[in-house]
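Examining the three-dimensional arrangement
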Amino acid sequence: MSASASRCRAARVPAPEPEPEGALDLSQMPPELLLVVLSHVPPRTLLGRCRQVCRGWRDLVDSQALWLLILARDHSATGRALLQLARSCQSASRNARPCPLGRFCARRPIGRNLIRNPCGQGLRKWMVKHGGDGWVVEENRTTVRGAPSQTCFVTSFSWCRKKQVLDLEEEGLWPELLDSGRIEICVSDWWGARHDSGCRYRLLVQLLDANQTVLDKFSAVPDPIPQWNNNVCLHVTHVFSNIKMGIRFVSFEHWGQDTQFWAGHYGARLTNSSVMVQVRPP
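Presented here is a report on the structure given in the accompanying data block. Just so you know, these numbers come straight off a predicted model, no measurement behind them.

1. Comments concerning helix α2 (residues 31–38)
- Regarding α2, the residues found buried are L34, L35 and L38. Relative to the axis of α2, the buried residues are bounded by an arc of 105 degrees and lie together on one face.
- Contacts made by the buried residues of α2 are with α3 (43–48), α4 (55–61) and α5 (64–71).

Put into structure tokens, the structure is as follows:
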């Protein structure tokens with residue numbers, strides 16, 4: 001075939017790909033059906049992405065109906081109690097935008113340890129006061145079962161103190177729930193000593209209102225652990241069950257020091273601190 005004939009041959013144009021048939025346009029769905037579809041989306045995605053799609057989606061994500069539908073899928077005893085509590089504690093905030101249940105579902109504060117960095121990933125999230133040679137982090141000398149990490153905060157020859165103040169609303173607990181009389185706050189802390197040094201320990205937990213006024217408190221000042229103690233590790237617990245209305249913050253503060261007054265870090269070893277909110281059964 002000559003070159004001129006080749007040049008006259010028609011160019012082959014690829015055929016366009018056929019459009020998919022039956023593509024689902026969510027914007028055309030009735031709001032009641034779209035609500036059911038959105039209820040299967042993870043809460044953080046609903047708040048972070050779906051809410052930005054359009055005004056209609058934002059109104060659905062901000063509505064109480066969506067979050068009650070999500071809560072209704074948990075058929076456990078705790079889930080049923082939460083759903084009942086959410087329905088009964090929403091009257092004052094029913095028209096709030098966005099619905100406070102959204103943060104609650106995203107943060108999942110019930111039964112979760114609200115203390116940040118409980119076992120000693122550095123000193124982050126804690127307000128600290130260094131005494132003696134200050135705080136350090138070391139590995140546990142005795143295994144603490146259930147702890148997320150086998151490390152601990154170690155004190156020195158003078159009182160070392162650290163503190164966290166937990167904002168319960170920021171964690172996802174809305175005011176009507178906090179004031180319902182149906183929650184408990186469970187506090188837990190582990191402290192111990194190294195075998196060759198005795199130590200002292202103190203714990204103070206306070207329930208605070210919006211103005212940081214103390215509504216209730218628990219303090220523990222156990223007897224010091226003596227020297228030559230076989231690396232003993234002790235557990236302190238308390239449950240706040242009759243919680244006054246107005247609670248918005250929990251202050252968790254503990255101290256430690258050694259009893260030998262040795263330079264270095266021979267004082268109380270603190271780890272696996274915990275503050276959990278639980279729902280009381282009806």
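2. A closer look at the sheet that holds strand β1 (residues 127–129)
- Reading across the sheet, the 5 strands line up as β1-β4-β9-β6-β7 and stay open at both edges, with antiparallel pairing between neighbours. The strands lining the two open edges of the sheet, one partner per strand, are β1 and β7 (214–220). Strand after strand, the sheet turns through a mean of 15 degrees between neighbouring axes, direction not considered.
- Relative to strand β9 (residues 249–258), strand β6 (residues 199–208) runs antiparallel, the two sharing 10 bridges. Pairing of Q206 across the sheet is with S251, part of β9.

3. What to know about a nonpolar patch on the surface
- On the surface, L33, V36 and V37 cluster together into a nonpolar patch covering about 210 Å² of accessible area.
- With respect to the helices, strands and loops of the structure, L33 is situated in helix α2.

4. Some thoughts on the sheet that holds strand β5 (residues 183–192)
- One open sheet accounts for 5 strands, arranged β2-β3-β10-β5-β8; its pairing is antiparallel. Strands with a single pairing partner mark the edges of an open sheet, and in this sheet they are β2 (136–139) and β8 (233–240). Each adjacent strand pair in this sheet contributes to an overall mean axis angle of 35 degrees, direction not counted.
- With 4 bridges connecting them, β2 and strand β3 (residues 151–154) associate as antiparallel partners. Paired with E139 across the bridge in β3 is T151.

5. Comments concerning the pattern of salt bridges
- All told, the structure shown has 11 salt bridges when counted by the stated rule.
- In the salt-bridge network here, residues are joined through shared partners; they are R103, R107 and E170.

6. Some details on the packing of aromatic side chains
- Taken as a whole and judged by the stated rule, the model has 6 aromatic pairs.
- Here F104 and W174 contribute two aromatic rings whose centre-to-centre distance is 5.2 Å and whose plane-to-plane angle is 85 degrees, an arrangement assigned as edge-to-face. Taken together, the residues F104 in helix α7 (residues 100–107) and W174 in the loop between β4 (160–167) and α8 (175–178) connect sequence positions 70 residues apart.
- Geometrically, the ring pair formed by W126 and F153 is edge-to-face, given 6.0 Å between the ring centres and 75 degrees between the ring planes. Highlighted residues: W126 in the loop between α7 and β1 and F153 in strand β3, separated in sequence by 27 residues.

7. Describing the packing of α2 against α5
- Interhelical geometry of α2 versus α5 gives an angle of 45 degrees and a closest axis separation of 9 Å. In terms of orientation, α2 lies oblique with respect to α5. Read as a crossing pair, α2 and α5 show a hand that is right-handed. Touching L35, V36 and L38 of α2 are A65, L66 and L69, all from α5.

What counts and how
- Residues numbered from 1 in each chain as written.
- Predicted model: local features only at pLDDT ≥ 70, side-chain atom pairs only at ≥ 80, totals over all residues.
- Heavy atoms only, no water.
- Buried < 20%, exposed > 50% of the residue type's maximum accessible area, 1.4 Å probe, protein only.
- Helix = DSSP H or I, 4+ residues; strand = E, 2+ residues; numbered from the N terminus.
- Arc of directions from axis to C-beta.
- Contact = heavy atoms within 4.5 Å.
- Pairing = 2+ DSSP bridges.
- Axes fitted to C-alpha atoms, helices over the stretch in contact; angles between N-to-C directions.
- Patch = residues over 30% accessible without salt bridge, like charges linked within 9 Å, V, L, I, M, F, W, Y side chains within 5 Å.
- Areas by Shrake-Rupley, 256 points an atom, 1.4 Å probe, with all protein chains shown as cover.
- Salt bridge = Lys/Arg side-chain N within 4 Å of Asp/Glu carboxyl O.
- Phe/Tyr/Trp six-rings, centres within 6.5 Å; stacked < 30°, edge-to-face > 60°.
- Parallel < 35°, antiparallel > 145°, perpendicular 65-115°, else oblique.
- Left-handed = near helix turned anticlockwise from the far one by under 90°.

Coordinates in, geometry out; function isn't part of it.
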